[in-house]
Amino acid sequence: MRIPCPLCGDRDHREFTYKGAAVALDRPGNSDWSDDWDSYIHLRDNPAGDTDEMWWHGAGCGGWLVVTRNTVTHEVKAARMAADVKGAGA
Amino acid sequence: MASLIAKSPCAGMAPISVGDAALREVDPGVITSLSPLAGGDVGALKAAHGMAFPAPGRASGKAGARAVWSGRGQAFLIGPAPDAALKAHFAMTDQSDGWAVLGLEGTAAREVLARLCPLDLRPDRFKRGHTARTLIGHMTGSVTRVGADSFDLMVFRSMAQTAVHEIEEAMKSVAARG
């Protein structure tokens, strides 16, 4: 499995560390407990198909990536810098 | 005041020559990490030291005075002490004592590295002046092609002995295949 890091190019997956679903980019804005926080912390989808995940390129550029991966075929379809995704208001 | 003896990171371990590959320690001079400040001008590096601030995966300059991309939003200035004019444009940290730098050379150098790094090292893909942060064995490091059969490798200083050992094992392994 290789991940196309936007900075480093195609790299072997051993250079990366998996974090989880990319919900980490959608932290609820308010500090009070709410259904949004419950969902943010506890609830995850389990999709059969494309899903966005956070991967850390720790043995490479050190950047956080949002990787779009198909859980059925294991195809890695895209990778973007998380900072760019977050900056775009996603 | 005690008089301390400075030792290089790989003192007593290199040079090593096996088959068509040779490993030697490189004295890098001063290593300074440069991270562009918001609103800073990366062109300040060119003005002060004559080499461009490198794009991701690239190194600029030449032996003795290089700028090597070292991660997202960061490059190492290797060789000269940083000009004071850079302060306004980069966050800088002296890392000179933090790294062990090794030179791997010879016609088998690429094959040796191929046993340690998950990189495409073919000459048309990883050219002179290309650099990568990647794994060297199980260590994170920096690999820069400085010549047709010549690579500069950097690992954390604490990993120097392990790096030399693993590279030597790879050199022997390649040489044994003839």
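Keep in mind that what you see is a predicted model, and the values were worked out from it rather than measured.

J.: Quick question: what am I supposed to make of the environment of B:Met92 here?
T.: Residues and elements named next belong to chain B. Counting through the fold element by element, methionine 92 comes out in strand β7 (residues 90-94). With 18 residues separating them along the chain, methionine 92 and glutamine 74 place their C-alpha atoms 9.7 Å apart. With near-sequence residues (within four places) excluded, methionine 92 lies in contact with Thr32, Ser33, Leu34, Pro82, Asp83, Leu86 and Lys87.

J.: Help me understand the layout of surface pockets in this model?
T.: Any empty space left between the atoms is revealed when a probe the size of a water molecule rolls over them. Space inside the largest pocket adds up to approximately 470 Å³. Lining the largest pocket are 20 residues; nearest its centre among them are A:Cys8, A:Gly9, A:Asp10, A:Arg11 and B:Asp120. Every element with two or more residues in the lining of the largest pocket is listed here: β2 (9-12) of chain A together with β9 (131-136) of chain B. Per-element tally for the lining of the largest pocket: the top contributor is β2(A), with four residues. A per-class count over the lining of the largest pocket returns eight nonpolar, four polar and eight charged.

J.: I'm lost on the interface of chain B and chain A in this one. Help?
T.: Much of the literature gives interface size as the accessible area that the parts lose upon coming together. Contact residues are listed per partner, giving 11 residues for chain B and 13 residues for chain A. For the pair chain B and chain A, the summed buried area comes to about 940 Å², and 64% of that belongs to carbon and sulfur atoms. Looking only at chain B, the three residues that lose the most surface to chain A are B:Arg72, B:Pro118 and B:Leu135, adding up to 51% of its buried area. At the junction of chain B and chain A, the tally comes to zero salt bridges.

J.: Would you explain the sheet that holds strand β3 (residues 30-36) of chain B in this entry?
T.: Within a sheet, neighbouring strands are paired by backbone hydrogen bonds and run either parallel or antiparallel to one another. Residues and elements named next belong to chain B. Strand order in this open sheet of five strands is β4-β5-β6-β3-β7, and the pairing throughout is antiparallel. One side of each edge strand has no neighbouring strand; the edge strands of this open sheet are β4 (59-62) and β7. This sheet shows a mean twist of 25° between the axes of neighbouring strands, independent of strand direction. Judged from the five bridges that link them, β3 and strand β6 (residues 74-79) form a sheet pairing that is antiparallel.

J.: Help me understand helix α3 (residues 160-176) of chain B in this model?
T.: With 17 residues, α3(B) extends 24 Å between its outermost C-alpha atoms, agreeing within 8% with the 24 Å of an ideal straight helix rising 1.5 Å per residue. Listed as buried for α3(B) are B:Ala160, B:Ala163, B:Val164, B:Glu166, B:Ile167, B:Ala170, B:Met171 and B:Val174.

J.: Mind showing me how you'd approach the environment of B:Val146 here?
T.: Residue and element names in this part refer to chain B. Relative to the helices and strands, valine 146 is located in strand β10 (residues 139-147). Considering only alpha carbons, one finds valine 146 and arginine 128, 18 residues apart in sequence, at a separation of 5.3 Å. If sequence neighbours within four positions are ignored, valine 146 has contacts with Arg66, Arg128, Phe151 and Asp152.

J.: Help me out: how do you make sense of the environment of B:Lys62 in this one?
T.: Relative to the assigned elements, B:Lys62 resides in strand β4. Classification of B:Lys62 by relative accessible area gives exposed; the value is 63%.

J.: Looking at this structure, I do not really get the nonpolar core. What am I missing?
T.: The nonpolar side chains of a soluble globular protein tend to be buried, and buried together. Membership of the largest hydrophobic core comes to 31 residues, with the highest contact counts inside it found for B:Leu104, B:Leu153, B:Ile167 and B:Met171. If you list the elements that add at least two residues to this core, you get β1 (16-18), β2 (21-25), β8 (99-105), α2 (109-114), β9, β10, β11 (150-156) and α3 of chain B. Broken down by element, this core gets its largest block of residues, seven residues, from α3(B). When sequence neighbours within four positions are dropped, the list of residues in contact with B:Leu104 reads B:Ala21, B:Ala22, B:Leu23, B:Ala109, B:Val112, B:Leu113, B:Asp149, B:Ser150, B:Phe151, B:Leu153, B:Ile167 and B:Met171. Judged by nonpolar contacts, the second largest core, of 12 residues, contains A:Ile3, A:Cys5, A:Cys61 and A:Val67.

J.: Explain the sheet that holds strand β6 (residues 76-81) of chain A here, please?
T.: Residues and elements named next belong to chain A. Strand order in the open sheet formed by four strands is β3-β4-β5-β6, with antiparallel pairing between adjacent strands. Across the chains shown, the open sheet's two edge strands, defined by having one partner strand only, are β3 (17-21) and β6. Shown here is a sheet whose adjacent strand axes are inclined to one another by a mean of 30°, direction ignored. Of the pairings in the sheet, the one linking strand β4 (residues 50-56) to strand β5 (residues 64-70) comprises seven bridges and is antiparallel in character. Paired with aspartate 52 across the bridge in β5 is threonine 68.

J.: Please explain the side chain of B:Ser33 as it appears in this structure.
T.: Residue and element names in this part refer to chain B. Mapped onto the elements, serine 33 comes out in strand β3. There is a polar contact of 3.3 Å between the side chain of serine 33 and the side chain of glutamine 95. Those residues within four positions of serine 33 in sequence are excluded, and the remaining contacts are Gln74, Ala75, Phe76, Ala91, Met92, Thr93 and Gln95.

Reading guide: rules and limits
Residues numbered from 1 in each chain as written. Chains lettered and ligands numbered in written order. Predicted model: local features only at pLDDT ≥ 70, side-chain atom pairs only at ≥ 80, totals over all residues. Heavy atoms only, no water. Helix = DSSP H or I, 4+ residues; strand = E, 2+ residues; numbered from the N terminus. Contact = heavy atoms within 4.5 Å. 1 Å grid on protein atoms, 1.4 Å probe; cavity = no way out; pocket = protein on both sides within 12 Å on 5 of 7 lines; lining within 4 Å. Points joined across faces, edges and corners; volume = space filled by probe spheres on them. Nonpolar A, V, L, I, M, F, W, Y, C, P; charged D, E, K, R; others polar. Buried area = accessible area lost by both parts, 1.4 Å probe. Salt bridge = Lys/Arg side-chain N within 4 Å of Asp/Glu carboxyl O. Pairing = 2+ DSSP bridges. Axes fitted to C-alpha atoms, helices over the stretch in contact; angles between N-to-C directions. Expected span 1.5 Å × (residues − 1). Buried < 20%, exposed > 50% of the residue type's maximum accessible area, 1.4 Å probe, protein only. Core = buried A, V, L, I, M, F, W, Y, C linked by side-chain atoms within 4.5 Å. Polar contact = N/O pair within 3.5 Å; in protein donor to acceptor, adjacent residues only side chain to side chain.

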